[in-house]
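Residue-level structural notes
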Amino acid sequence: MIPTIIELQLDKKQIQQHIEKQLDESIQAQLWLVSVERLAQLTDMSKRWLETEILNDPRMRAIERKKNRKRWYLAQQAFEVITEITSEW
């Protein structure tokens, strides 16, 4: 019988990114509302860019919810609208 040697090299950074991506996807599936800060984090866009390019769009304003000065967006609809807007670029 021939002895088998298996050598495995792991890239810790890639593993960590994969785990974070999986966590974000599972969290996103459970989100109901998202804030501007959370949208900035999820889209990897600055809040200023979101304000000028995404949040001022009438489709985003239609799903906006406000209380005092805080704004939230219905999560699933926000992701769909952002996909529509960015696909037009």
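The text that follows walks through the structure, step by step, so that each part is easy to find. (Residues numbered from 1 in each chain as written. Predicted model: local features only at pLDDT ≥ 70, side-chain atom pairs only at ≥ 80, totals over all residues. Heavy atoms only, no water.)

Structural notes on helix α3 (residues 47-55)
Listing the buried residues of α3 in full gives L50, I54 and L55. What you see down the axis of α3 is that its buried residues fit within an arc of 70°, all on one side. Residues of α3 that are buried sit in contact with α2 (36-43), α4 (58-62), β3 (70-74) and α5 (75-87). (Buried < 20%, exposed > 50% of the residue type's maximum accessible area, 1.4 Å probe, protein only. Helix = DSSP H or I, 4+ residues; strand = E, 2+ residues; numbered from the N terminus. Arc of directions from axis to C-beta. Contact = heavy atoms within 4.5 Å.)

So, unusual backbone geometry
Phi angles above zero are rare outside glycine, and D44 is one such case at about 60°. The residue N68 is not glycine, and still its phi comes out positive at about 55°. Among the structural elements, N68 can be located in the loop between β2 (64-67) and β3. In this structure N68 comes out as exposed when scored by relative accessible area, which is 73%.

Focus: the sheet that holds β3
Strands belonging to one sheet form pairs held by backbone hydrogen bonds; the direction of such a pair is parallel or antiparallel. The 3 strands are arranged β1-β3-β2 in an open sheet whose pairing can be described as antiparallel. Every interior strand has two partners, whereas the edge strands, β1 (33-35) and β2, have only one. The sheet shows a mean angle of 35° between the axes of neighbouring strands, direction not considered. As judged from the 3 bridges shared by β1 and β3, these two strands associate in the antiparallel manner. If you follow L33 over to β3, its bridge partner there is L74. Sheet contacts for α2: β1 and β3; angle to β1, the most-contacted strand, approximately 90°. Across the sheet, α5 touches β1 and β3, and the angle it forms with β3 is around 80°. (Pairing = 2+ DSSP bridges. Axes fitted to C-alpha atoms, helices over the stretch in contact; angles between N-to-C directions.)

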